[in-house]
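As a plain string of letters, each chain reads:
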Amino acid sequence: MSARPRRVRRAADDPTREERALRHALDRCIDALLPSPNRRRRSGNRGGGNVDAGAADDVTAASWLDEPGVQGIGIARRSRRSRRGGELALVVYVDEKRDANALAAPVPESLSVAGIDRAVPTDVVAIGTLRLQGAPLMPGAPVDTGHAGPGTFGCVVARTDDPHGRYLLSCAHVLAPLGAQAGDEVDAPASLQMHGGATIARLADWTVTADGTQPFTVDAAIALLDDPDAASEFIRDIGAPTDFGGPIARGLRVRKSGARTGLTHSVVQDLDFVAIVDFPVRGGGTRRIAFRDLVRCDQFTLDGDSGAVVLDASRRVVGVHMMGSAKASVFCRADAVGAALRVTLPD
């Protein structure tokens, strides 16, 4: 008896004729998507035959590639719920499926592609809106305006009169030195940002002004985020705050996440602290400013931590860190910050 011939297995990366045809169709789609100067002129193709990238077919005339909901294209098996489920197809990925009758140019069920002697099957798959997934800027990161020293991004807040806007909260002496103007740019290190570049927000409101009545009770400012999705509501090493404002008592254990010292803990000692400090002036110099009704803790901060929100064990924001020394750290009360700037946590 003669031995049966051994079956030669095809390597996983050795495409079938069907796959070669689909990859050629995919190449044609890529050429159609690229601006004219960037299009390749092909002397060959992965589906067989010689084809010019500008040859006319269903792809070069495909206005469906320009539909606003199209997120990408690829090769995958059709949904098993479709008529020809499981078959490899050229897949058009969209943010969400729409009624074909509502589209100016719906994706056809199959395509004629130059260089391929049979129709290429298609499918449409909804995958949501694609976006680059660099890490959003987290509260606890450094921020700076270039007009005063750098400080800390405290947390994301919303205004009661602008519930859809998202604002960065920090100290006034970080974001709004005396002489600040609405719209001043707020920067963060490009290495920490989602889309690169420096500016992440623009100054919207603040509590300390040169002609304001002293003593002040709040050193805080907010800046409207250019891209609300580029900033996280989760505070680094702590998590999402649960409330803005809450009871404070001597002996209360608190924590914060600062740009300089990260996550640190302390204990409240004084509920009636008054301080007179050198407050920065835009363009240089300082001016003596008085504050009252502040809260003093054991030292748990360093320069650069100003603006970090102070939270209790339940992750309620009870204050915004303002100042410190070798033996003490001082914050203003979140309840007063909320009232002065009309802010609360986003819904």
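Each value, and the rule that gives it
Residues numbered from 1 in each chain as written. Predicted model: local features only at pLDDT ≥ 70, side-chain atom pairs only at ≥ 80, totals over all residues. Heavy atoms only, no water. Pairing = 2+ DSSP bridges. Helix = DSSP H or I, 4+ residues; strand = E, 2+ residues; numbered from the N terminus. Contact = heavy atoms within 4.5 Å. Axes fitted to C-alpha atoms, helices over the stretch in contact; angles between N-to-C directions. Expected span 1.5 Å × (residues − 1). Phe/Tyr/Trp six-rings, centres within 6.5 Å; stacked < 30°, edge-to-face > 60°. Buried < 20%, exposed > 50% of the residue type's maximum accessible area, 1.4 Å probe, protein only. Core = buried A, V, L, I, M, F, W, Y, C linked by side-chain atoms within 4.5 Å. Salt bridge = Lys/Arg side-chain N within 4 Å of Asp/Glu carboxyl O.

Asks: Hey, could you go over the sheet that holds strand S2 (residues 88-94) for me, with residue numbers and the actual values?
Replies: Taken in spatial order, the four strands line up as S1-S2-S4-S3 in an open sheet, and their pairing is mixed. The sheet terminates laterally at strand S1 (70-77) and strand S3 (110-111), the two strands that pair on one side only. Across seven bridges, S1 lies against S2 in antiparallel orientation. Along S2, the bridge assignment pairs Ile-75 with Leu-90. Lying on the sheet, helix H1 (residues 17-33) is in contact with S1, S2 and strand S4 (120-126); it crosses S1 at an angle near 170 degrees.

Asks: Just give me the short version of the sheet that holds strand S8 (residues 162-170), but keep the residues and values in it.
Replies: If you walk across this open sheet you meet the six strands as S9-S10-S11-S8-S7-S19, and the pairing is antiparallel. Of all strands in the sheet, those with a lone pairing partner are strand S9 (185-187) and strand S19 (343-344), marking the two edges. Across four bridges, the pairing between strand S7 (residues 155-159) and S8 is antiparallel. Bridge pairing in S8 places Cys-155 opposite Leu-169.

Asks: Outline H1, supporting the account with residue identities and numerical values.
Replies: For an α-helix, 3.6 residues make a turn, and residues three or four places apart therefore share a direction. Between its first and last C-alpha, H1 extends 25 Å over 17 residues, near the 24 Å set by a 1.5 Å rise per residue. Packed against the buried residues of H1 are S1, S2 and S4.

Asks: Talk me through the packing of aromatic side chains; I want residue IDs and the actual numbers.
Replies: This structure, assessed with the given rule, holds two aromatic pairs. Measuring from centroid to centroid gives 6.1 Å for Phe-216 and Phe-291, while their planes differ by 45 degrees, and the two rings are tilted. Taken as a pair, Phe-216 in the loop between strand S10 (199-206) and strand S11 (221-225) and Phe-291 in strand S15 (residues 286-298) lie far apart in primary sequence, 75 residues in all. Looking at Phe-216, the relative accessible area reads 7%, which means it is buried. On the basis of relative accessible area, Phe-291 is assigned to the buried category, the value being 0%.

Asks: Outline the nonpolar core, supporting the account with residue identities and numerical values.
Replies: Of all hydrophobic cores here, the largest spans 52 residues; its most connected members are Leu-169, Leu-175, Phe-244, Phe-291 and Val-337. Counting 16 residues, the second-largest nonpolar core is a separate cluster that includes Ala-21, Cys-29, Leu-65 and Val-120.

Asks: Pulling in residues and values, what's your account of the environment of Gly-115?
Replies: Mapped onto the elements, Gly-115 comes out in the loop between S3 and S4. On the basis of relative accessible area, Gly-115 is assigned to the partly exposed category, the value being 40%. In sequence terms Gly-115 and His-24 are 91 residues apart; their C-alpha atoms lie 8.3 Å from each other.

Asks: Describe the pattern of salt bridges, with residues and values.
Replies: For the coordinates displayed, the defined rule picks out 13 salt bridges. One salt bridge connects Asp-161 with Arg-342, and the closest N-O pair in it is separated by 3.1 Å. On the criterion of sequence distance, the pair formed by Asp-161 in the loop between S7 and S8 and Arg-342 in the loop between helix H3 (334-341) and S19 is long-range, its members being 181 residues apart. Residues Asp-278 and Arg-288 are paired through a salt bridge, measuring 3.1 Å at the closest nitrogen-oxygen approach. Taken together, the residues span a long stretch of sequence, with Asp-278 in strand S14 (residues 262-280) and Arg-288 in strand S15 at a distance of 10 residues. Residues joined by salt bridges that share partners form a network here, namely Arg-159, Asp-161, Asp-205 and Arg-342.

Asks: Could you give an account of the pairing of S10, with specific residues and numbers?
Replies: As paired elements, S9 and S10 share three bridges and run antiparallel to each other. Bridge pairing in S10 links Glu-185 to Arg-202. Bridging between S10 and S11 involves five bridges; their strand directions are antiparallel. For Asp-205, the partnering residue across the bridge sits in S11 and is Ile-222.

Asks: How would you summarise unusual backbone geometry if you had to cite specific residues and measurements?
Replies: Here the residue pair Gln-214 and Pro-215 is connected by a cis peptide bond, since its omega of 0 degrees sits within 30 degrees of zero. Although it is not a glycine, Asp-237 adopts a positive phi angle of roughly 70 degrees. A positive phi angle, close to 65 degrees, is found at Arg-315, a residue other than glycine. Note on placement: Arg-315 falls in the loop between strand S16 (309-311) and strand S17 (316-324). You can call Arg-315 partly exposed: its relative accessible area is 31%.

Asks: Could you give me a rundown of the pairing of S17, with the residues and numbers involved?
Replies: Counting buried residues in S17 gives seven out of nine residues, a clear majority hidden from the surface. As paired elements, strand S12 (residues 243-244) and S17 share two bridges and run parallel to each other. Residue pairing across strands places Phe-244 opposite Val-317, the latter belonging to S17. As defined by bridge partners, S16 adjoins S17 across three bridges and the pair is classed as antiparallel. Along S17, the bridge assignment pairs Leu-311 with Val-317. Taking the residues that link successive antiparallel strands as the turn, the S16-S17 hairpin has four residues, and the phi of Arg-315 there is positive, at about 65 degrees. Inspection of the sheet shows S17 paired to strand S18 (residues 328-333) by five bridges, in the antiparallel sense. Bridge assignment links Gly-324 to a residue of S18, and that residue is Ser-329. What sits between S17 and S18 in their antiparallel hairpin is a turn of three residues.

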